[in-house]
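Breakdown of the fold
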Amino acid sequence: MRSNSPSLFTPSASSKTLGIIGHGITDIEIHFLQIKFTAIGVYVDVDVASHLQAWKGKTAAELFADDSFFDALLQAPVEKFIRVVVIKELKGSQYGLQLENAMSFVTDENKAYKINVENGDVSSMIKKWYLGGSSAVSSSTIASLAEGIAALLK
């Protein structure tokens, strides 16, 4: 998948520029059609590499299969920013399964909404939902993160 996210990003709550380290989508099958409904960009301070040295030299496939790696990524004391862009709005029963496990954000086609999550528990849950290894909502994002960090750790 090609990312439409810029490669560098400075969150409004930070003075630090973060680099994109992974990207992906969330999708759902409806009547035998795969519908992409969000695009995800994961931006991380490149200093994350110093906190993940235990995985240096591992392949992307090895990182992808290792939930302890994703736990270490989540716990690394560096800035992380997850950008989620709605591609296709889903309504009602189409999105029902996703709503059981996640928060939904209301959007308007012509407006972008920024949510700054200051509650630590909510912030941790959102990070785990997108960056949580085998339990994450988007396997394409997890695979891309594994590739990006494997390249960073070479």
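Residues numbered from 1 in each chain as written. Predicted model: local features only at pLDDT ≥ 70, side-chain atom pairs only at ≥ 80, totals over all residues. Heavy atoms only, no water.

Counted by the stated rule, this structure contains two salt bridges. Taking the shortest distance from any N to any O, the salt bridge between Lys16 and Asp45 comes out at 2.6 Å. One end of the pair, Lys16, is in the loop between β1 (8-9) and β2 (18-30); the other, Asp45, is in the loop between β3 (33-44) and α1 (48-51), and 29 residues separate them in sequence. We classify Asp45 as buried; its relative accessible area is 5%. When its relative accessible area of 34% is taken as the criterion, Lys16 is described as partly exposed. (Salt bridge = Lys/Arg side-chain N within 4 Å of Asp/Glu carboxyl O. Helix = DSSP H or I, 4+ residues; strand = E, 2+ residues; numbered from the N terminus. Buried < 20%, exposed > 50% of the residue type's maximum accessible area, 1.4 Å probe, protein only.)

Secondary-structure assignment places Thr26 in strand β2. For Thr26, a relative accessible area of 4% corresponds to the buried category.

Moving on to the confidence of the model for the protein. Chain-level statistics for the protein give a pLDDT mean of 76 and a share of 72% at 70 or above. Here helix α4 (residues 96-101) stands out as the element of the protein with the lowest mean pLDDT, 48, in contrast to helix α2 (residues 60-64), whose mean of 94 is the highest. Considering only residues more than four positions removed or in separate chains, one finds that residues 99-113, a stretch of pLDDT under 50, has 14 contacts. (pLDDT = per-residue confidence, 0-100. Contact = heavy atoms within 4.5 Å.)

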